[in-house]
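# Structural overview for review
Residues per chain, in single letters:
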Amino acid sequence: MADIVVIGGGPSGLRCAERLGQAGRSVCVIGAEPGLPYNRMALSQHLAGDYAEADLITHDGDRLARLGIAYRAATTVLGIDRDAKRLALEGGEQLPYRELVLALGSQPFRLPLPGAGLASVLMYRTLCEVRAMLEIAQRGGHAVVIGGGLLGLEAAVGLARRGMRVTVLHALDRLMERQLVPFAAGLLARRLRSQGIAVELSAASIAIAGEAHATGVVLKDGRTIACDLVVMAVGIRPQTLLARSAGLAVEHGILVDDSMQTSDPAIHAIGECAQHDGQCCGLVAPALAQAEIAARHLLGETVAYRATADTTMLKIAGAGVWSAGDIAADAEALVYDDSDGGEYRKFLLQDGRLVGAVLYGETSEAPWYAGLIGADISSLRHILPFGFAFASQQATAA
Ligand SMILES: Cc1cc2nc3c(=O)[nH]c(=O)nc-3n(C[C@H](O)[C@H](O)[C@H](O)COP(=O)(O)OP(=O)(O)OC[C@H]3O[C@@H](n4cnc5c(N)ncnc54)[C@H](O)[C@@H]3O)c2cc1C
(Lines give C-alpha, C1' and ligand atoms only; values in the text may rest on other atoms or scores of the structure.)
Protein backbone atom coordinates (compact mmCIF):
# COMPACT_ATOMS: atom_id res chain seq x y z
CA MET A 1 0.00 0.00 0.00
CA ALA A 2 1.28 3.49 -0.88
CA ASP A 3 1.77 5.77 2.11
CA ILE A 4 0.11 8.63 0.34
CA VAL A 5 -2.50 8.56 -2.41
CA VAL A 6 -2.93 11.65 -4.59
CA ILE A 7 -6.16 11.91 -6.57
CA GLY A 8 -5.64 13.96 -9.73
CA GLY A 9 -2.81 13.77 -12.26
CA GLY A 10 -2.75 17.48 -13.12
CA PRO A 11 0.15 19.82 -12.30
CA SER A 12 -0.64 20.20 -8.59
CA GLY A 13 -1.08 16.46 -8.01
CA LEU A 14 2.15 15.61 -9.85
CA ARG A 15 4.17 18.35 -8.14
CA CYS A 16 3.05 17.19 -4.69
CA ALA A 17 3.76 13.54 -5.59
CA GLU A 18 7.22 14.51 -6.93
CA ARG A 19 8.20 16.24 -3.73
CA LEU A 20 6.97 13.31 -1.63
CA GLY A 21 8.68 10.78 -3.91
CA GLN A 22 11.96 12.73 -3.75
CA ALA A 23 11.74 12.54 0.06
CA GLY A 24 11.44 8.76 -0.15
CA ARG A 25 7.73 8.44 0.56
CA SER A 26 5.75 5.91 -1.45
CA VAL A 27 3.13 7.71 -3.49
CA CYS A 28 0.35 6.60 -5.81
CA VAL A 29 -1.28 9.11 -8.18
CA ILE A 30 -4.70 8.25 -9.55
CA GLY A 31 -5.94 10.24 -12.52
CA ALA A 32 -9.20 10.02 -14.43
CA GLU A 33 -7.68 11.11 -17.74
CA PRO A 34 -6.14 8.46 -20.00
CA GLY A 35 -2.43 8.41 -20.87
CA LEU A 36 0.62 9.96 -19.27
CA PRO A 37 0.52 13.29 -17.38
CA TYR A 38 0.68 16.24 -19.77
CA ASN A 39 1.06 20.02 -19.74
CA ARG A 40 -2.48 21.37 -19.77
CA MET A 41 -1.21 24.96 -20.13
CA ALA A 42 0.40 24.07 -23.46
CA LEU A 43 -2.82 22.72 -24.99
CA SER A 44 -3.29 26.06 -26.73
CA GLN A 45 0.10 25.83 -28.44
CA HIS A 46 -0.75 22.26 -29.44
CA LEU A 47 -4.13 23.35 -30.81
CA ALA A 48 -2.39 26.08 -32.79
CA GLY A 49 0.08 23.56 -34.24
CA ASP A 50 3.18 24.83 -32.40
CA TYR A 51 3.63 21.73 -30.19
CA ALA A 52 3.21 18.10 -31.19
CA GLU A 53 1.14 15.96 -28.86
CA ALA A 54 4.26 14.11 -27.70
CA ASP A 55 5.80 17.45 -26.58
CA LEU A 56 2.99 17.87 -24.04
CA ILE A 57 3.97 14.87 -21.93
CA THR A 58 5.54 16.03 -18.67
CA HIS A 59 6.21 12.67 -16.99
CA ASP A 60 7.05 9.54 -18.94
CA GLY A 61 7.26 6.07 -17.39
CA ASP A 62 10.98 6.42 -16.60
CA ARG A 63 10.59 9.72 -14.82
CA LEU A 64 7.66 8.42 -12.78
CA ALA A 65 9.66 5.32 -11.84
CA ARG A 66 12.73 7.40 -10.89
CA LEU A 67 10.52 9.49 -8.61
CA GLY A 68 8.98 6.38 -7.10
CA ILE A 69 5.50 7.41 -8.21
CA ALA A 70 2.97 4.70 -9.05
CA TYR A 71 0.71 6.30 -11.67
CA ARG A 72 -2.73 4.94 -12.50
CA ALA A 73 -4.32 6.65 -15.48
CA ALA A 74 -7.91 6.38 -16.71
CA THR A 75 -9.07 5.58 -13.19
CA THR A 76 -11.80 7.61 -11.54
CA VAL A 77 -12.19 7.67 -7.78
CA LEU A 78 -15.89 7.42 -7.01
CA GLY A 79 -15.92 7.62 -3.24
CA ILE A 80 -13.88 8.17 -0.08
CA ASP A 81 -14.64 6.12 3.03
CA ARG A 82 -12.93 8.31 5.61
CA ASP A 83 -13.58 5.97 8.57
CA ALA A 84 -12.02 2.98 6.83
CA LYS A 85 -9.48 5.20 4.97
CA ARG A 86 -10.38 3.53 1.70
CA LEU A 87 -11.14 4.77 -1.80
CA ALA A 88 -13.76 3.27 -4.07
CA LEU A 89 -12.43 3.16 -7.62
CA GLU A 90 -14.44 2.90 -10.81
CA GLY A 91 -14.68 -0.84 -11.58
CA GLY A 92 -15.19 -1.86 -7.95
CA GLU A 93 -11.63 -1.90 -6.59
CA GLN A 94 -11.09 -0.60 -3.04
CA LEU A 95 -7.78 1.18 -2.40
CA PRO A 96 -6.54 1.91 1.13
CA TYR A 97 -4.64 5.09 2.02
CA ARG A 98 -2.83 6.47 5.05
CA GLU A 99 -2.82 10.06 3.86
CA LEU A 100 -4.83 11.45 0.96
CA VAL A 101 -4.26 14.49 -1.24
CA LEU A 102 -7.12 15.82 -3.36
CA ALA A 103 -5.81 17.55 -6.50
CA LEU A 104 -9.04 17.33 -8.47
CA GLY A 105 -8.85 20.58 -10.42
CA SER A 106 -11.93 22.18 -11.94
CA GLN A 107 -14.53 21.26 -14.44
CA PRO A 108 -15.42 23.60 -17.29
CA PHE A 109 -18.86 25.10 -17.03
CA ARG A 110 -21.28 23.93 -19.74
CA LEU A 111 -23.88 26.63 -20.36
CA PRO A 112 -27.28 25.06 -19.73
CA LEU A 113 -28.58 25.91 -23.22
CA PRO A 114 -30.87 23.76 -25.33
CA GLY A 115 -28.56 21.70 -27.56
CA ALA A 116 -25.52 22.13 -25.31
CA GLY A 117 -25.14 18.35 -25.09
CA LEU A 118 -24.90 17.81 -28.87
CA ALA A 119 -21.81 16.17 -30.34
CA SER A 120 -19.40 18.83 -31.63
CA VAL A 121 -20.17 21.08 -28.66
CA LEU A 122 -16.89 20.81 -26.80
CA MET A 123 -15.40 22.22 -23.64
CA TYR A 124 -11.74 23.30 -23.55
CA ARG A 125 -9.96 21.56 -20.70
CA THR A 126 -8.41 18.24 -21.68
CA LEU A 127 -6.20 16.69 -24.32
CA CYS A 128 -9.13 14.46 -25.35
CA GLU A 129 -11.19 17.57 -26.09
CA VAL A 130 -8.38 19.08 -28.14
CA ARG A 131 -8.07 15.84 -30.12
CA ALA A 132 -11.80 16.06 -30.88
CA MET A 133 -11.42 19.71 -32.00
CA LEU A 134 -8.51 18.83 -34.26
CA GLU A 135 -10.49 16.05 -35.88
CA ILE A 136 -13.29 18.47 -36.77
CA ALA A 137 -10.81 21.18 -37.81
CA GLN A 138 -9.26 18.79 -40.36
CA ARG A 139 -12.46 19.15 -42.38
CA GLY A 140 -12.30 22.97 -42.24
CA GLY A 141 -15.62 24.77 -41.76
CA HIS A 142 -16.72 27.28 -39.17
CA ALA A 143 -16.04 27.21 -35.42
CA VAL A 144 -17.97 29.32 -32.94
CA VAL A 145 -16.21 29.92 -29.65
CA ILE A 146 -18.55 30.98 -26.85
CA GLY A 147 -16.54 33.03 -24.37
CA GLY A 148 -14.08 35.84 -25.01
CA GLY A 149 -11.90 35.19 -21.97
CA LEU A 150 -8.34 33.93 -22.00
CA LEU A 151 -9.14 30.32 -22.90
CA GLY A 152 -11.80 31.18 -25.47
CA LEU A 153 -9.40 33.48 -27.31
CA GLU A 154 -6.60 30.92 -27.23
CA ALA A 155 -9.02 28.34 -28.66
CA ALA A 156 -10.17 30.81 -31.33
CA VAL A 157 -6.65 31.61 -32.51
CA GLY A 158 -5.65 27.93 -32.45
CA LEU A 159 -8.63 26.87 -34.55
CA ALA A 160 -8.06 29.75 -36.98
CA ARG A 161 -4.45 28.62 -37.40
CA ARG A 162 -5.76 25.12 -38.15
CA GLY A 163 -7.70 26.58 -41.07
CA MET A 164 -11.18 27.06 -39.63
CA ARG A 165 -13.21 30.23 -39.97
CA VAL A 166 -13.79 31.39 -36.40
CA THR A 167 -16.33 33.57 -34.63
CA VAL A 168 -15.97 34.49 -30.97
CA LEU A 169 -19.20 35.27 -29.14
CA HIS A 170 -18.80 37.15 -25.89
CA ALA A 171 -21.78 38.04 -23.72
CA LEU A 172 -20.16 41.19 -22.30
CA ASP A 173 -19.17 44.35 -24.12
CA ARG A 174 -15.41 43.75 -23.97
CA LEU A 175 -12.99 40.83 -24.20
CA MET A 176 -11.10 39.43 -21.19
CA GLU A 177 -12.93 41.80 -18.85
CA ARG A 178 -11.35 40.23 -15.78
CA GLN A 179 -7.79 40.85 -16.99
CA LEU A 180 -7.97 43.85 -19.30
CA VAL A 181 -8.98 47.45 -18.91
CA PRO A 182 -11.51 48.47 -21.63
CA PHE A 183 -8.96 50.28 -23.79
CA ALA A 184 -6.59 47.29 -24.02
CA ALA A 185 -9.57 44.99 -24.62
CA GLY A 186 -10.54 47.16 -27.59
CA LEU A 187 -7.02 46.92 -29.03
CA LEU A 188 -7.13 43.15 -28.67
CA ALA A 189 -10.50 42.86 -30.43
CA ARG A 190 -9.11 44.99 -33.27
CA ARG A 191 -6.05 42.77 -33.58
CA LEU A 192 -8.09 39.55 -33.65
CA ARG A 193 -10.41 40.98 -36.29
CA SER A 194 -7.38 41.96 -38.38
CA GLN A 195 -6.35 38.28 -38.24
CA GLY A 196 -9.72 37.30 -39.75
CA ILE A 197 -11.41 36.22 -36.50
CA ALA A 198 -14.93 37.60 -36.13
CA VAL A 199 -15.52 39.02 -32.66
CA GLU A 200 -19.12 39.64 -31.57
CA LEU A 201 -19.49 41.51 -28.28
CA SER A 202 -22.66 41.74 -26.18
CA ALA A 203 -23.69 38.57 -28.00
CA ALA A 204 -25.75 36.29 -25.77
CA SER A 205 -26.12 32.70 -26.97
CA ILE A 206 -29.49 31.16 -26.15
CA ALA A 207 -29.42 27.76 -27.89
CA ILE A 208 -27.36 25.41 -30.02
CA ALA A 209 -29.15 24.28 -33.16
CA GLY A 210 -28.72 20.80 -34.64
CA GLU A 211 -29.97 17.21 -34.48
CA ALA A 212 -27.03 15.02 -33.50
CA HIS A 213 -24.29 17.56 -34.24
CA ALA A 214 -24.26 21.30 -33.68
CA THR A 215 -25.12 23.20 -36.83
CA GLY A 216 -25.52 26.69 -35.44
CA VAL A 217 -25.57 28.96 -32.41
CA VAL A 218 -28.78 30.90 -31.84
CA LEU A 219 -28.32 34.40 -30.44
CA LYS A 220 -30.71 36.42 -28.30
CA ASP A 221 -31.02 39.00 -31.09
CA GLY A 222 -32.61 36.30 -33.30
CA ARG A 223 -29.64 35.49 -35.53
CA THR A 224 -28.31 31.96 -35.97
CA ILE A 225 -24.60 31.62 -36.69
CA ALA A 226 -24.08 28.45 -38.72
CA CYS A 227 -21.17 26.31 -37.58
CA ASP A 228 -19.53 22.89 -37.55
CA LEU A 229 -18.00 23.14 -34.09
CA VAL A 230 -18.90 24.97 -30.90
CA VAL A 231 -16.30 25.47 -28.18
CA MET A 232 -17.62 26.65 -24.84
CA ALA A 233 -15.07 28.46 -22.71
CA VAL A 234 -17.20 30.28 -20.19
CA GLY A 235 -15.53 29.54 -16.89
CA ILE A 236 -14.68 26.75 -14.51
CA ARG A 237 -16.05 25.32 -11.28
CA PRO A 238 -13.86 23.60 -8.66
CA GLN A 239 -14.36 19.80 -8.55
CA THR A 240 -15.93 19.31 -5.14
CA LEU A 241 -18.40 16.44 -5.53
CA LEU A 242 -16.07 13.75 -4.17
CA ALA A 243 -15.18 15.84 -1.12
CA ARG A 244 -18.76 16.89 -0.51
CA SER A 245 -20.03 13.30 -0.65
CA ALA A 246 -17.30 12.28 1.80
CA GLY A 247 -18.56 14.89 4.26
CA LEU A 248 -15.58 17.26 4.06
CA ALA A 249 -16.19 20.96 4.61
CA VAL A 250 -16.85 22.55 1.21
CA GLU A 251 -17.99 25.99 0.12
CA HIS A 252 -17.15 27.07 -3.43
CA GLY A 253 -14.07 24.80 -3.17
CA ILE A 254 -12.82 22.30 -0.62
CA LEU A 255 -11.97 24.26 2.53
CA VAL A 256 -8.32 24.12 3.57
CA ASP A 257 -6.22 25.79 6.26
CA ASP A 258 -2.80 27.40 5.75
CA SER A 259 -1.12 23.99 5.46
CA MET A 260 -3.66 22.90 2.81
CA GLN A 261 -5.26 20.46 5.24
CA THR A 262 -8.99 19.90 4.86
CA SER A 263 -11.49 19.44 7.70
CA ASP A 264 -10.11 15.86 7.93
CA PRO A 265 -6.47 15.86 9.17
CA ALA A 266 -5.66 12.84 6.96
CA ILE A 267 -6.73 14.69 3.80
CA HIS A 268 -5.11 17.69 2.09
CA ALA A 269 -6.53 19.52 -0.92
CA ILE A 270 -4.50 21.56 -3.43
CA GLY A 271 -4.86 23.40 -6.71
CA GLU A 272 -8.08 24.56 -8.29
CA CYS A 273 -10.33 22.31 -6.17
CA ALA A 274 -9.16 23.92 -2.91
CA GLN A 275 -10.49 27.05 -1.24
CA HIS A 276 -7.93 28.87 0.87
CA ASP A 277 -8.78 32.05 2.73
CA GLY A 278 -11.98 32.46 0.75
CA GLN A 279 -10.30 32.05 -2.65
CA CYS A 280 -10.08 29.26 -5.24
CA CYS A 281 -7.18 29.64 -7.65
CA GLY A 282 -7.54 29.35 -11.44
CA LEU A 283 -3.91 29.42 -12.49
CA VAL A 284 -1.02 27.03 -12.34
CA ALA A 285 1.44 29.07 -10.24
CA PRO A 286 -0.69 29.10 -7.07
CA ALA A 287 -1.69 25.46 -7.68
CA LEU A 288 2.00 24.48 -7.70
CA ALA A 289 2.77 26.62 -4.65
CA GLN A 290 -0.03 24.87 -2.76
CA ALA A 291 1.33 21.49 -3.85
CA GLU A 292 4.73 22.39 -2.36
CA ILE A 293 3.11 23.46 0.90
CA ALA A 294 1.02 20.28 1.21
CA ALA A 295 4.05 18.08 0.50
CA ARG A 296 6.16 19.88 3.11
CA HIS A 297 3.36 19.61 5.64
CA LEU A 298 3.01 15.89 4.95
CA LEU A 299 6.77 15.60 5.50
CA GLY A 300 6.38 17.10 8.94
CA GLU A 301 7.29 20.76 8.39
CA THR A 302 5.33 23.66 9.80
CA VAL A 303 4.30 25.72 6.77
CA ALA A 304 1.79 28.35 5.74
CA TYR A 305 0.53 29.07 2.24
CA ARG A 306 0.18 32.73 1.35
CA ALA A 307 -1.58 33.71 -1.86
CA THR A 308 0.23 36.13 -4.18
CA ALA A 309 -1.17 38.40 -6.90
CA ASP A 310 -2.44 36.54 -9.97
CA THR A 311 -0.74 37.21 -13.28
CA THR A 312 -2.10 36.15 -16.65
CA MET A 313 -0.54 36.04 -20.10
CA LEU A 314 -2.35 35.36 -23.34
CA LYS A 315 -0.29 32.73 -25.15
CA ILE A 316 -1.20 33.45 -28.74
CA ALA A 317 1.17 34.48 -31.45
CA GLY A 318 1.23 38.16 -32.23
CA ALA A 319 -0.79 39.30 -29.23
CA GLY A 320 1.27 40.25 -26.20
CA VAL A 321 -1.26 40.70 -23.43
CA TRP A 322 -0.39 40.44 -19.74
CA SER A 323 -2.03 41.57 -16.55
CA ALA A 324 -1.39 41.24 -12.84
CA GLY A 325 -3.04 42.15 -9.57
CA ASP A 326 -6.27 44.07 -9.26
CA ILE A 327 -7.00 45.87 -12.50
CA ALA A 328 -10.47 46.93 -11.38
CA ALA A 329 -9.13 48.73 -8.31
CA ASP A 330 -10.48 52.19 -7.62
CA ALA A 331 -6.98 53.64 -7.78
CA GLU A 332 -4.75 56.26 -9.32
CA ALA A 333 -3.78 55.29 -12.90
CA LEU A 334 -0.52 55.80 -14.77
CA VAL A 335 -1.02 55.21 -18.49
CA TYR A 336 1.42 54.91 -21.38
CA ASP A 337 -0.53 54.96 -24.63
CA ASP A 338 1.02 54.41 -28.06
CA SER A 339 -1.85 52.32 -29.33
CA ASP A 340 -1.17 53.18 -32.98
CA GLY A 341 2.30 51.71 -32.44
CA GLY A 342 0.77 48.65 -30.72
CA GLU A 343 1.86 49.58 -27.17
CA TYR A 344 -0.33 50.31 -24.18
CA ARG A 345 0.50 50.03 -20.48
CA LYS A 346 -1.58 50.88 -17.46
CA PHE A 347 -0.53 50.80 -13.81
CA LEU A 348 -2.83 51.17 -10.80
CA LEU A 349 -1.44 52.75 -7.65
CA GLN A 350 -2.88 52.95 -4.14
CA ASP A 351 -0.97 54.88 -1.46
CA GLY A 352 2.19 54.68 -3.57
CA ARG A 353 1.90 50.90 -4.00
CA LEU A 354 1.43 49.13 -7.31
CA VAL A 355 -1.82 47.13 -7.05
CA GLY A 356 -2.49 46.25 -10.70
CA ALA A 357 -0.80 46.36 -14.10
CA VAL A 358 -1.77 45.72 -17.71
CA LEU A 359 0.71 45.41 -20.58
CA TYR A 360 -0.46 45.27 -24.17
CA GLY A 361 2.12 44.80 -26.94
CA GLU A 362 5.61 44.28 -25.50
CA THR A 363 5.39 41.96 -22.49
CA SER A 364 8.97 40.76 -22.02
CA GLU A 365 9.34 42.84 -18.85
CA ALA A 366 6.22 41.33 -17.25
CA PRO A 367 8.23 39.43 -14.57
CA TRP A 368 9.75 42.72 -13.37
CA TYR A 369 6.32 44.30 -13.04
CA ALA A 370 4.95 41.14 -11.37
CA GLY A 371 7.63 41.46 -8.70
CA LEU A 372 6.56 45.07 -8.01
CA ILE A 373 2.92 44.24 -7.27
CA GLY A 374 2.27 45.25 -3.67
CA ALA A 375 5.54 47.22 -3.46
CA ASP A 376 5.93 50.93 -2.79
CA ILE A 377 6.95 52.31 -6.19
CA SER A 378 6.87 56.05 -5.28
CA SER A 379 10.52 56.48 -6.25
CA LEU A 380 9.91 54.79 -9.63
CA ARG A 381 6.61 56.29 -10.72
CA HIS A 382 8.07 58.69 -13.30
CA ILE A 383 9.89 55.87 -15.10
CA LEU A 384 7.62 52.92 -14.29
CA PRO A 385 5.84 52.73 -17.66
CA PHE A 386 9.14 52.49 -19.54
CA GLY A 387 10.24 49.21 -18.01
CA PHE A 388 13.16 47.63 -16.22
CA ALA A 389 15.85 48.33 -18.84
CA PHE A 390 15.06 52.04 -18.81
CA ALA A 391 14.80 52.15 -15.01
CA SER A 392 18.24 50.51 -14.63
CA GLN A 393 19.79 52.93 -17.15
CA GLN A 394 18.42 55.85 -15.15
CA ALA A 395 19.74 54.36 -11.92
CA THR A 396 23.21 53.89 -13.47
CA ALA A 397 23.22 57.42 -14.91
CA ALA A 398 22.19 58.96 -11.56
C1 LIG B 1 -6.17 25.22 -22.46
C2 LIG B 1 -5.70 25.71 -21.12
C3 LIG B 1 -4.66 26.63 -21.05
C4 LIG B 1 -4.23 27.10 -19.81
N5 LIG B 1 -3.21 28.00 -19.78
C6 LIG B 1 -2.78 28.44 -18.58
C7 LIG B 1 -1.68 29.36 -18.50
O8 LIG B 1 -1.11 29.78 -19.50
N9 LIG B 1 -1.26 29.77 -17.28
C10 LIG B 1 -1.86 29.34 -16.13
O11 LIG B 1 -1.45 29.73 -15.04
N12 LIG B 1 -2.91 28.46 -16.18
C13 LIG B 1 -3.39 28.01 -17.37
N14 LIG B 1 -4.43 27.14 -17.41
C15 LIG B 1 -5.03 26.71 -16.14
C16 LIG B 1 -4.20 25.56 -15.56
O17 LIG B 1 -4.17 24.51 -16.49
C18 LIG B 1 -4.79 25.10 -14.26
O19 LIG B 1 -4.70 26.17 -13.33
C20 LIG B 1 -4.06 23.88 -13.70
O21 LIG B 1 -4.14 22.81 -14.58
C22 LIG B 1 -4.69 23.50 -12.35
O23 LIG B 1 -4.04 22.36 -11.90
P24 LIG B 1 -4.76 21.34 -10.91
O25 LIG B 1 -3.73 20.29 -10.62
O26 LIG B 1 -5.39 22.07 -9.79
O27 LIG B 1 -5.98 20.71 -11.74
P28 LIG B 1 -6.09 19.97 -13.12
O29 LIG B 1 -5.00 20.33 -14.04
O30 LIG B 1 -7.48 20.18 -13.59
O31 LIG B 1 -5.91 18.44 -12.76
C32 LIG B 1 -6.90 17.75 -12.03
C33 LIG B 1 -6.93 16.31 -12.50
O34 LIG B 1 -7.71 15.56 -11.57
C35 LIG B 1 -8.47 14.61 -12.27
N36 LIG B 1 -9.61 14.20 -11.44
C37 LIG B 1 -10.65 14.96 -11.03
N38 LIG B 1 -11.52 14.22 -10.30
C39 LIG B 1 -11.01 12.96 -10.26
C40 LIG B 1 -11.45 11.74 -9.68
N41 LIG B 1 -12.59 11.66 -8.98
N42 LIG B 1 -10.69 10.63 -9.87
C43 LIG B 1 -9.52 10.70 -10.55
N44 LIG B 1 -9.06 11.82 -11.12
C45 LIG B 1 -9.80 12.95 -10.98
C46 LIG B 1 -8.89 15.38 -13.51
O47 LIG B 1 -9.29 14.48 -14.53
C48 LIG B 1 -7.61 16.14 -13.85
O49 LIG B 1 -6.80 15.39 -14.71
C50 LIG B 1 -4.88 26.65 -18.63
C51 LIG B 1 -5.94 25.75 -18.71
C52 LIG B 1 -6.36 25.27 -19.94
C53 LIG B 1 -7.50 24.30 -20.00
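Now for a description of the structure that goes with this document. None of the values given here were measured: they were computed from a predicted structure.

## So, the nonpolar core
Membership of the largest hydrophobic core comes to 48 residues, with the highest contact counts inside it found for Leu-159, Leu-188, Leu-192 and Leu-229. Setting aside chain neighbours within four positions, we find Leu-159 in contact with Leu-47, Met-133, Ala-137, Ala-143, Val-145, Met-164, Val-166, Leu-229 and Val-231. By size, the runner-up hydrophobic cluster in this structure holds 47 residues, among which are Cys-16, Val-101, Leu-242 and Ala-246.

## So, the side chain of His-46
Examined against the element boundaries, His-46 turns out to sit in helix α2 (residues 43-47). Relative accessible area serves as the criterion here: at 6%, His-46 is assigned to the buried category.

## Concerning the packing of aromatic side chains
How two aromatic rings sit relative to each other is set out by the distance from centre to centre and by the angle between their planes. As enumerated under the stated definition, the model contains four aromatic pairs in all. Taken together, a centroid distance of 4.8 Å and an interplanar angle of 40° make the contact between Phe-183 and Tyr-344 tilted. Of this pair, Phe-183 sits in helix α6 (residues 182-194) while Tyr-344 is found in strand β25 (residues 343-350), placing the two residues 161 residues apart along the sequence. For Tyr-344, a relative accessible area of 5% translates into the label buried. Clustering of aromatic rings is evident, with ring pairs tying together Phe-347, Trp-368 and Tyr-369.

## Description of the pattern of salt bridges
A side chain with one charge can pair with a side chain of the opposite charge if their charged atoms come near. Within this structure, the stated rule accounts for 19 salt bridges. The salt bridge partner of Arg-86 is Asp-81, with a shortest N-O separation of 4.0 Å. Exposure remark for Asp-81: the relative accessible area of 32% places this residue in the partly exposed category. For Glu-272, the salt bridge identified is with Arg-125, shortest N-O distance 2.9 Å.

## Some remarks on the environment of Glu-53
Mapping Glu-53 onto the fold places it in the loop between α2 and α3 (61-66). Looking at Glu-53, the relative accessible area reads 30%, which means it is partly exposed. Setting aside its immediate chain neighbours within four residues, Glu-53 contacts His-46, Leu-127 and Arg-131.

## So, the pairing of strand β7 (residues 99-102)
As defined by bridge partners, strand β1 (residues 4-7) adjoins β7 across four bridges and the pair is classed as parallel. Residue Val-5 lies in a different strand from β7, and its bridge partner there is Leu-100. Two elements, β7 and strand β19 (residues 267-269), share three bridges in a ladder whose sense is parallel. In the strand pairing of β19, Leu-102 is matched with Ala-269.

What counts, and at which threshold
- Residues numbered from 1 in each chain as written.
- Predicted model: local features only at pLDDT ≥ 70, side-chain atom pairs only at ≥ 80, totals over all residues.
- Heavy atoms only, no water.
- Core = buried A, V, L, I, M, F, W, Y, C linked by side-chain atoms within 4.5 Å.
- Buried < 20%, exposed > 50% of the residue type's maximum accessible area, 1.4 Å probe, protein only.
- Contact = heavy atoms within 4.5 Å.
- Helix = DSSP H or I, 4+ residues; strand = E, 2+ residues; numbered from the N terminus.
- Phe/Tyr/Trp six-rings, centres within 6.5 Å; stacked < 30°, edge-to-face > 60°.
- Salt bridge = Lys/Arg side-chain N within 4 Å of Asp/Glu carboxyl O.
- Pairing = 2+ DSSP bridges.

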